[in-house]
Amino acid sequence: MEIQKLLGTHTCTCGRTHSCKMRAVHTGPGAIKKLREETKEYHKILVVADQNTYRVCGEHVKALLGDSLEDLLIYTGEGYLVPDEAAISAMEQKLTGETDLLVGIGSGVIQDLCKYVSFQAGLPYQIVATAPSMDGYASSGAALILGSRKVTKPAHVPEVVIGDTDLLKEAPLEMLQAGYGDILGKYSCLNDWKLGQVVNGEYFCLEVYRLTYEMLHEVRILGPKLLERDPLAVQTLMEALVGVGIAMSYVGNSRPASGSEHHLAHFFEVVGLLRQESYFAHGIDVAYGAYVTCQMREELCALDTWPGQQKEHQFSWEAWEQEIREIYQEAAEGVIALQRQLGWHEKDFGQIYQEKWKEIRSVLSEGPSSRELLEDLSSVGLTLSAFEKMYGAEKIGDAIRYARELKDRYTVLWLYNAYLE
């Protein structure tokens, strides 16, 4: 894929003009050497990493920047770095009135922190990727955990993304699996995007949809090669992850890349943090989430007609709020405020489902089967038994019921829960 051709501005058949304001994407062996040229106009650069990503290429980055390096922030601590208020504050305190560029060394969390802080400070940033593990490299939103709740904040795209396959192919297997899983999850979110158009009349761009599907098909067959750390497979995965981020920039939100499978992943992460329980890397949870939502679609597709058309829509805010407080604890008030503002719990979707069931069912039937998705997961070393062992039936059931509450986005989770009710 020629990523560079996706940058800039493009007039689309959907009637909108799409753009991605990144200057350059460099992938392939030795790509890190491009950093010197890409940063030559800057003189006070803050470099941000965590202790793991710094070990990968921190000294190399320092050498390439030379005297332009102003300061260095290395996050330390046990377990995953959390993109929360404390992490944001630590980076903000490193900025001076002279800082003119942030360079992040890392993948998901480092990327989101640099993206958000640089945006708030009105500074550009560049990213040196250390793992092909997530699709947010080129997106304009920063995924953060604020007030114990997973939120996406407005930000900006990096000037430059550097993905050196000599480094990326040596990433932990979990990170390769996460990147593959994040791409595999597009089967779910793209279906949700179409479903949102049918049910809620949302904007939908066929060209962006097709672009994302093209990248998905390129990556889906690469599982065995990724296990072998094949450089070309790793480069293809990295370019797809960047390309999906560009697709998000095109439409101005994460619809082409995030849907019900991501909401399930967010549930496991948020609840895991609240309860101090383990969870998988984000992309791995996304992959398992795609399998779970595929099963939902298959169950719904078996229905010739919408079964809820005779039921009167009833909803109790009092009972619902009690459930939300039990599940989300200190994060509950933010969830409640979001859903009260959205108002979908009071909306009777039943008539829409009844009138449009044939069209809805047609959308739900698209994509691979859950059995085929399990085969894809297995190709990169992910097993259903590991997912079930990590979370158990009760937590997975809670995710299916309550993950939709975390976002203001219509997905199959709303349809499926209406069916269960």
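Definitions and cut-offs
Residues numbered from 1 in each chain as written. Predicted model: local features only at pLDDT ≥ 70, side-chain atom pairs only at ≥ 80, totals over all residues. Heavy atoms only, no water. 1 Å grid on protein atoms, 1.4 Å probe; cavity = no way out; pocket = protein on both sides within 12 Å on 5 of 7 lines; lining within 4 Å. Points joined across faces, edges and corners; volume = space filled by probe spheres on them. Helix = DSSP H or I, 4+ residues; strand = E, 2+ residues; numbered from the N terminus. Nonpolar A, V, L, I, M, F, W, Y, C, P; charged D, E, K, R; others polar. Buried < 20%, exposed > 50% of the residue type's maximum accessible area, 1.4 Å probe, protein only. Pairing = 2+ DSSP bridges. Right-handed = clockwise from strand over helix to strand, strands pointing away. Axes fitted to C-alpha atoms, helices over the stretch in contact; angles between N-to-C directions. Parallel < 35°, antiparallel > 145°, perpendicular 65-115°, else oblique. Contact = heavy atoms within 4.5 Å.

K.L.:
Residues and numbers for empty space enclosed by the protein, please.
P.N.:
Counted under the stated rule, the structure contains one cavity of 30 Å³ or more. Counted as a void, the largest cavity has a volume near 30 Å³. Looking at the largest cavity, the residues that line it are Tyr187, Leu190, Asn191, Tyr209, Tyr213, Glu366 and Gly367. Only α7 (186-200) and α8 (206-220) provide two or more residues apiece to the lining of the largest cavity. Sort the elements by how many residues they give to the lining of the largest cavity and α7 lands first, with three residues. Classifying every residue of the lining of the largest cavity gives four nonpolar, two polar and one charged.

K.L.:
I'd like a rundown of the pairing of strand β7 (residues 125-129), residues and numbers included.
P.N.:
Along β7, five of the five residues are buried, which leaves the element largely enclosed by surrounding structure. Burial along β7 is two-sided: Tyr125, Ile127 and Ala129 facing one way and Gln126 and Val128 facing the other are all buried. Alignment of strand β6 (residues 101-106) against β7, held across five bridges, turns out to be parallel. The partner of Ile105 across the bridge, within β7, is Val128. Once you follow β6 into helix α4 (residues 108-121) and on to β7, the crossover reads as right-handed. The pairing of β7 with strand β10 (residues 160-164) spans three bridges and is parallel. Looking at β10, one finds that Val128 is bridged to Ile162.

K.L.:
Lay out the packing of helix α11 (residues 260-275) against helix α18 (residues 384-402) with the relevant residues and their values.
P.N.:
Across the interface, α11 lies against α18 with an axial gap of 10 Å and an inter-helix angle of 110°. Here α11 lies roughly perpendicular to α18, going by the angle between them. Contacts from Leu264, Phe267, Phe268, Val271 and Arg275 in α11 reach Phe387, Tyr391, Lys395, Ile396, Asp398, Ala399, Ile400 and Tyr402 in α18. When grouped by side-chain class, the residues that make up the contact of α11 with α18 number ten nonpolar, no polar and three charged.

K.L.:
Describe the pairing of β10, with residues and values.
P.N.:
Burial of β10 is extensive: five of the five residues sit out of reach of the surface. The pairing of strand β3 (residues 24-28) with β10 spans five bridges and is classified as parallel. Bridging from a neighbouring strand, Gly28 pairs with Asp164 of β10.

Worth remembering: the numbers are spatial, not functional.
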